[in-house]
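Here's the letter readout for the chains.
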Protein chains: 2
Amino acid sequence: MTSNNNSMDSKQLIIQRSEEHKQLFIPNLSVDPVIFGFDQNKLKVLLSKLNYKKMWFLPGGYVKYSEDLDDAVIRVLKERAGISGVFMEHFGIFGKTNRSESFFDEFDEDLFHKQRFITLGYYALYNPNKLNPIPDELSEVCEWKYICELDKIRLAMDHREIIDKALLALQEKIAIKPIGYNLLPEKFTLSEFQKLYEAILGKELNRGNFYRKIKNLGILRKLDEQRRGGAHKAPDLYTFDEEQYNKTLKNGLFNW
Amino acid sequence: MTSNNNSMDSKQLIIQRSEEHKQLFIPNLSVDPVIFGFDQNKLKVLLSKLNYKKMWFLPGGYVKYSEDLDDAVIRVLKERAGISGVFMEHFGIFGKTNRSESFFDEFDEDLFHKQRFITLGYYALYNPNKLNPIPDELSEVCEWKYICELDKIRLAMDHREIIDKALLALQEKIAIKPIGYNLLPEKFTLSEFQKLYEAILGKELNRGNFYRKIKNLGILRKLDEQRRGGAHKAPDLYTFDEEQYNKTLKNGLFNW
């Protein structure tokens, strides 16, 4: 097996792919999936470390001439991170001149990767234990990084801005729609549910207010069970009321 | 002055522009502004009737290689509809294969306009009396059309779908943020305010519920004045409480 950690190899591979990309992909347009994970009460994001320049990227890619855009972003996530079955939503576009061109400054001007790219941002929120990322041929690793630790790594281009905007979109989304289904275990405490919202909002919430709002929405059902084993009084377990959850998902949290 | 109503002229003009476009614009990418107007208690949308094929279009266009995307959509609206100073928000992307290619089927394959376009949707809501549209060289007219009468005209490509999605985005927006500032006159009745929301939502709202929610938000201030001249009891006039309006704009209608 050849190592793909060698800098010379990784440059050669980019040049080789460039020629293939010109035949296959629409120029000037890319897609970037921002996959958030909720784990240990904190938010993570899925990133790839490129062999070339050893910087971190969202696992993005390009759109085939022959392909619907919605299919492109699914294929890109599969090819770059080995992940299937993730439902992503578009949240924004990043279209400033010179946002990406200078990253490949060592290469000839006609490199596919070196042109101006307007990128389309997509996001999703998943349980990272259910997704197993696999790095592609260009990447040393593909792994989850805690949002609170992104300052410690070198993110390429404007990918930090894209992640921040995706997080804003997620924060806006939880002011409109309920979340948590498929993200929390089947049975959970109100405190665990609150921690999900606190992780997304990046701040502590008042417990009394939060519980009152959740109860008013009616999306949770209290079970006749408690979470045993803690040092404190065993807290009640809850589950989602599927019917009411789906109704709120459809109608939204605030209705005129 | 040459007429630009002649079909032969309009085809020649498209061919001429095609060659210029190839030098200037990024291929495969377009922007489409959906400008909504609120007038006579109903929603309108700004459309251009193209001389070629006499079909109606959103006043969209392309992105220059040298231009930031945010500047492109402002320039396009100015060039296609003569309108400046409109703040637009991105709301969605339309990227299916064959969404636009067949419209220019009479032309050679190398026509700029005939390639596959992925289009970026932007929207805004304005008082149409403050915007005066002017048709461009390709268009017979550029004017406001009532949403409820769109079935009566021939809209090109997937532009009806783009308008419908923009309206959904607007409906979602009013579940998150207050609207109405710069759209209603300085002083208005609660009934007039309610009609704005009903126009956007496309349905009647319960008067009591609506008034209660508006009062809870605190974004309106009751004036010591009434609207005179109607057949009924003179209704109270209201104005926006600017501080509370801006606070709600920042924080949103629903807060965890």
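Rules behind the numbers
Residues numbered from 1 in each chain as written. Chains lettered and ligands numbered in written order. Predicted model: local features only at pLDDT ≥ 70, side-chain atom pairs only at ≥ 80, totals over all residues. Heavy atoms only, no water. Disulfide = S-S within 2.5 Å. Buried < 20%, exposed > 50% of the residue type's maximum accessible area, 1.4 Å probe, protein only. 1 Å grid on protein atoms, 1.4 Å probe; cavity = no way out; pocket = protein on both sides within 12 Å on 5 of 7 lines; lining within 4 Å. Points joined across faces, edges and corners; volume = space filled by probe spheres on them. Nonpolar A, V, L, I, M, F, W, Y, C, P; charged D, E, K, R; others polar. Salt bridge = Lys/Arg side-chain N within 4 Å of Asp/Glu carboxyl O. Helix = DSSP H or I, 4+ residues; strand = E, 2+ residues; numbered from the N terminus. Contact = heavy atoms within 4.5 Å. Buried area = accessible area lost by both parts, 1.4 Å probe. Polar contact = N/O pair within 3.5 Å; in protein donor to acceptor, adjacent residues only side chain to side chain. Domains from an automatic or database assignment. Least-squares fit on C-alpha atoms with pLDDT ≥ 70 in both.

1. Some points on the state of the cysteines
All names here are of chain A. Applying the stated criterion across every chain yields a total of 0 disulfides over all chains. Take cysteine 148: it sits in no disulfide, and the sulfur closest to it among the cysteines is that of cysteine 142, at 19 Å. On the accessibility criterion, cysteine 148 (53% relative accessible area) is exposed.

2. Here's the deal with empty space enclosed by the protein
Residues and elements named next belong to chain A. As enumerated under the stated definition, the model contains 1 cavity of 30 Å³ or more in all. The calculated volume of the largest cavity comes to roughly 30 Å³. What lines the largest cavity is Ser10, Ile14, Leu50, Asn51, Tyr52, Glu137 and Leu138. Grouping the amino acids of the lining of the largest cavity by side-chain chemistry returns 4 nonpolar, 2 polar and 1 charged.

3. Regarding the pattern of salt bridges
The final tally for this structure, using the stated rule, is 44 salt bridges over all chains. Glutamate 140 of chain B is paired through a salt bridge with lysine 54 of chain B; the nearest N and O atoms lie 2.8 Å apart. Taken together, the residues span a long stretch of sequence, with glutamate 140 of chain B in strand β7 (residues 139-146) and lysine 54 of chain B in the loop between β2 (42-50) and β3 (56-57) at a distance of 86 residues. Members of the salt-bridge network, linked through shared partners, are Arg17, Glu20 and Glu137 of chain A.

4. Focus: the interface of chain A and chain B
Contact residues are listed per partner, giving 37 residues for chain A and 37 residues for chain B. Between chain A and chain B, roughly 3,100 Å² of surface is buried when both sides are summed, and carbon and sulfur atoms account for 71% of that area. The largest share of the area that chain A buries against chain B comes from Ile93, Phe254 and Trp256 of chain A, three residues that together contribute 27% of it. One can count 0 salt bridges joining chain A with chain B. Applying the counting rule to chain A against chain B returns 15 residue pairs in polar contact (both at pLDDT 80 or more). Contributing elements (two or more residues each) for the side of chain A that touches chain B: β1 (25-39), β4 (61-64), β5 (89-94), β6 (118-126), α4 (190-201) and α5 (207-217) of chain A. For the side of chain A that touches chain B, the residue count by class is 22 nonpolar, 7 polar and 8 charged.

5. Some thoughts on the domain arrangement of chain A
All names here are of chain A. In terms of domain boundaries, chain A breaks down into domain 1 (7-173) and domain 2 (190-251). Inter-centroid distance (C-alpha atoms) of domain 1 to domain 2 is 33 Å. Contact with domain 1, which involves 8 residues of that partner, is made by 5 residues of domain 2. Summed over both sides, the interface of domain 1 with domain 2 buries roughly 570 Å², with 74% coming from carbon and sulfur. Of all residues in domain 1, Phe38, Asn41 and Gln171 bury the most surface against domain 2, accounting for 67% of the area lost on that side. For the pair domain 1 and domain 2, the number of links is 1 residue pair in polar contact (both at pLDDT 80 or more). Considering each element in turn, the side of domain 1 that touches domain 2 owes the most residues, 3 residues, to helix α3 (residues 159-173). Grouping the amino acids of the side of domain 1 that touches domain 2 by side-chain chemistry returns 5 nonpolar, 2 polar and 1 charged.

6. Description of the relation of the copies chain A and chain B
Placing chain A over chain B gives an RMSD of 0.0 Å and needs a rotation angle of 180 degrees, together with 0.0 Å of translation along the axis. Each copy turns onto its partner about a two-fold axis. With an isologous cut-off of 70% or more, the 100% of interface residues of chain A that recur at the interface of chain B puts this contact in the isologous class.

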